[in-house]
Structures are given as C-alpha cells and as structure tokens.
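Breakdown of the fold
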Amino acid sequence: MGCVARYIFTTIEKNHININFPIATLTVNIIACFLMGIVTELLVEKFFPNAEQIRLLLAVGFLGGFSTLSALSVETLALVDKHELFYALLNILANTTFGLIAAYLGEVLIKQMLSHY
C-alpha cells in the first residue's frame, strides 16, 4: 500500500508539476517521517509497547514502502548528471532537514494529545 501511495504522488508530479526538482519524493519523505513519529510515539510506545508485529507492519511495511532512500539517491544523482549541483544539494538537505523536523513534530503532537488524557 505504501508503494501504491508513493506511485500516486509521483504520477501527480509528472502530470501536473513542471519543475526541475523531485518534489514528490520530498513530499512523500516528509509525510512518511511525520507519520513515523506518530506511529512510534502513539502506537508503539503508548498503546502496544510489546507488539513488534504492529511496528513492523506500519513502520517497515507501509512507511518503508511509502518513502524511499533509493528514490532520493537516484533523483539526486540525476540532478548531478544534469549539472544541477545546487538542486542536488538542496534535495539532500531538504529531505534530511524536513524529514527530521516532521518526525519530531509527529512525536510532539502525539505527546501533547496524550498528555490531556
């Protein structure tokens, strides 16, 4: 299911967005990091601390299929091949920075929500 969701984002980008930057992969990676923060904090830590199968299904299965380091790597190399070094570096920095921020925000959101219960 994660791969299908990623395919949809990529198809939308190719058909509707005409920029020289892999925005679909960036978007997918940010969303996946945010959801990973939620899954880790909410499901694994709070509700199912001993349910390794649930973590594997959601984190490794769905989110692992949804986001991908291989797409980031190939798209960055394609930018380098086109001598778009600024965009190649921007791609790496944006995915890493926004991915970390999104994962953190996902964890913080769930901690805040659960602190009211």
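In case you missed it, the structure is sitting above this.
A few points on the structure. Predicted model, so just to flag it, every value in this text is computed and none were measured.

1. Section: the packing of aromatic side chains
- What the rule picks out here adds up to 4 aromatic pairs.
- Seen in terms of ring centroids, Phe9 and Phe66 are 5.8 Å apart; in terms of plane orientation they differ by 70 degrees. Their pairing is edge-to-face. Placement of Phe9 in helix α1 (residues 2-16) and of Phe66 in helix α3 (residues 52-66) is noted, with a sequence separation of 57 residues between them.
- A relative accessible area of 29% means that Phe9 is categorised as partly exposed.
- Each ring, one from Phe86 and one from Tyr87, has its centre 5.4 Å from the other, and the planes form 70 degrees; the classification is edge-to-face.
- By relative accessible area, which is 59% here, Phe86 ends up exposed.
- Judged by relative accessible area, which is 32%, Tyr87 ranks as partly exposed.
- An aromatic cluster of three or more residues is present, and its members are Phe9, Phe62 and Phe66.

About the thresholds
Residues numbered from 1 in each chain as written. Predicted model: local features only at pLDDT ≥ 70, side-chain atom pairs only at ≥ 80, totals over all residues. Heavy atoms only, no water. Phe/Tyr/Trp six-rings, centres within 6.5 Å; stacked < 30°, edge-to-face > 60°. Helix = DSSP H or I, 4+ residues; strand = E, 2+ residues; numbered from the N terminus. Buried < 20%, exposed > 50% of the residue type's maximum accessible area, 1.4 Å probe, protein only.

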